[in-house]
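Residue-level structure breakdown
Chain by chain, the residues:
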Amino acid sequence: MSDQSLPPGVLEALKHPSNAEGRSTIRKLSDFDQGVLAVSASHNKDPGQFTHKFDLLCPRNGCGSLILKAGVGRLVERDSLDITKEPLHPDLPALPVPPATAHWWLVTPNMMEFENIGFTRPAQQDAQKIKYLICAECDLGPLGWCEEGGNEFWLACSRVGYR
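What counts, and where the lines are drawn
Residue numbers restart at each chain and count upward from 1, following the sequence in its written direction. With pLDDT at 70 or above as the cut-off, local features in this predicted model cover only qualifying residues; side-chain atom pairs require 80 or more to be listed or tallied, and sums for whole chains, interfaces and linings still use all residues. Calculated side-chain values reflect all of the structure's heavy atoms, with hydrogen atoms and water omitted. A pair of cysteine sulfur atoms is labelled a disulfide when the two atoms are within 2.5 Å. Two rings from Phe, Tyr or Trp (for Trp, the six-membered ring) form a pair when their centres sit within 6.5 Å of each other. Planes less than 30 degrees apart are called stacked, planes more than 60 degrees apart edge-to-face, and all others tilted. Secondary structure counts use DSSP, requiring at least four H or I residues in a row for a helix and at least two E residues in a row for a strand, with both numbered from the N terminus. Residue exposure (1.4 Å probe, protein chains only): buried if accessible area is under 20% of the type maximum, exposed if over 50%, otherwise partly exposed. Strands qualify as paired when DSSP identifies two bridges or more between them. Residue contacts are defined here by distance: any two heavy atoms, one from each residue, within 4.5 Å place the two residues in contact. Neither His nor the chain ends is counted toward charge; the positive residues are Lys and Arg and the negative residues Asp and Glu. Salt bridge, as used here: a side-chain nitrogen of Lys or Arg that lies within 4 Å of a carboxyl oxygen of Asp or Glu. Nitrogen and oxygen atoms within 3.5 Å of one another constitute a polar contact, given that in protein one can donate a hydrogen and the other can accept it, and given that sequence-neighbouring residues count only through two side-chain atoms.

Enumeration over the complete set of coordinates arrives at 0 disulfides. The closest cysteine sulfur to the non-disulfide-bonded Cys135 is located on Cys63, 3.7 Å from its own sulfur.

Pasting the structure below:
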């Protein structure tokens, strides 16, 4: 097929990833002066709960894949979990060492709430088997975790991008 028979702009469009739009606007939690308070808002259905007011994205520069639409996850402060794989990627800040707490976006009731997420094979963590949550497009992670077969999915607030 010759280039003459293709509509104008088709080859240029195919050379760019479908999610390239808005990649330069990815912000990390550390970019917000008020931290988690700046990215959360009162939940529409339950004013006592907080949710994220931004879409959650892969934090990797050049990826920016949409992970979760705004308002889906619920803010929870809970025990940190040692989900660090070495060496740590520069786009993934370290989490507090357990038993310290961390801020998480809790996603329920199932994985279908996500726009785009990947899972690792199960790994033994203390007495439970967990799967790490990773970017489905570029495999950056861990961004969070879930128990194998569970219905709660935990994304670290500091390990996702915001737009």
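From this point, the discussion proceeds with the structure in view.
Below, the discussion takes up the packing of aromatic side chains. Considering all chains together, one arrives at 7 aromatic pairs under this definition. Between the aromatic rings of Phe32 and Phe54, the centroid separation amounts to 5.5 Å while the plane-to-plane angle is 45 degrees, which identifies the pairing as tilted. One end of the pair, Phe32, is in the loop between strand S1 (27-28) and helix H2 (36-39); the other, Phe54, is in the loop between strand S3 (50-52) and strand S4 (56-57), and 22 residues separate them in sequence. When the ring of Phe119 is compared with that of Phe153, the centres are 6.1 Å apart and the planes differ by 65 degrees; the resulting orientation is edge-to-face. Highlighted residues: Phe119 in strand S8 (residues 118-119) and Phe153 in strand S12 (residues 153-156), separated in sequence by 34 residues. Note on Phe119: relative accessible area 27%, which makes it partly exposed. Note on Phe153: relative accessible area 5%, which makes it buried.

One ladder, built from 2 bridges, connects S8 with strand S10 (residues 128-134); its direction is antiparallel. The partner of Phe119 across the bridge, within S10, is Leu133. Note that strand S9 (residues 123-125) and S10 share 3 bridges and pair antiparallel. Directly across from Ala123, in S10, lies its bridge partner Ile130. Of the strand pairs in this sheet, S10 and strand S11 (residues 144-147) are connected by 4 bridges, and their pairing is antiparallel. Bridge assignment links Lys131 to a residue of S11, and that residue is Cys146.

A few words now on the sheet that holds strand S13 (residues 161-162). Taken together, the 4 strands give an open sheet; going across it, the order is S1-S13-S4-S5, and neighbouring strands pair in antiparallel fashion. On the outer flanks of this sheet lie S1 and strand S5 (66-68), each paired with one strand and no other.

Next up on the list: the environment of Pro93. Relative to the helices and strands, Pro93 is located in the loop between strand S6 (74-79) and strand S7 (101-107). Classification of Pro93 by relative accessible area gives partly exposed; the value is 34%. The spacing of Pro93 and Val160 is 67 residues in sequence and 9.9 Å in space, taken between C-alpha atoms. Non-local contacts of Pro93, meaning those with residues more than four positions away in its chain, are made with Leu88, Ser158 and Arg159.

Turning next to the side chain of Asp55. Summarising the element assignment, Asp55 is placed in the loop between S3 and S4. The charged side chain of Asp55 is buried without a salt bridge, its nearest counter-charge being Arg163 at 4.4 Å. In terms of polar contacts, Asp55 uses its side chain to reach the backbone amide nitrogen of Ala70, at 2.9 Å. The residues contacting Asp55, other than those within four sequence positions of it, are Leu66, Leu68, Lys69, Ala70, Gly161, Tyr162 and Arg163.

For the rest of this paragraph, the subject is the environment of Gly64. Topologically, Gly64 is positioned in the loop between S4 and S5. Classification of Gly64 as buried rests on a relative accessible area of 3%.

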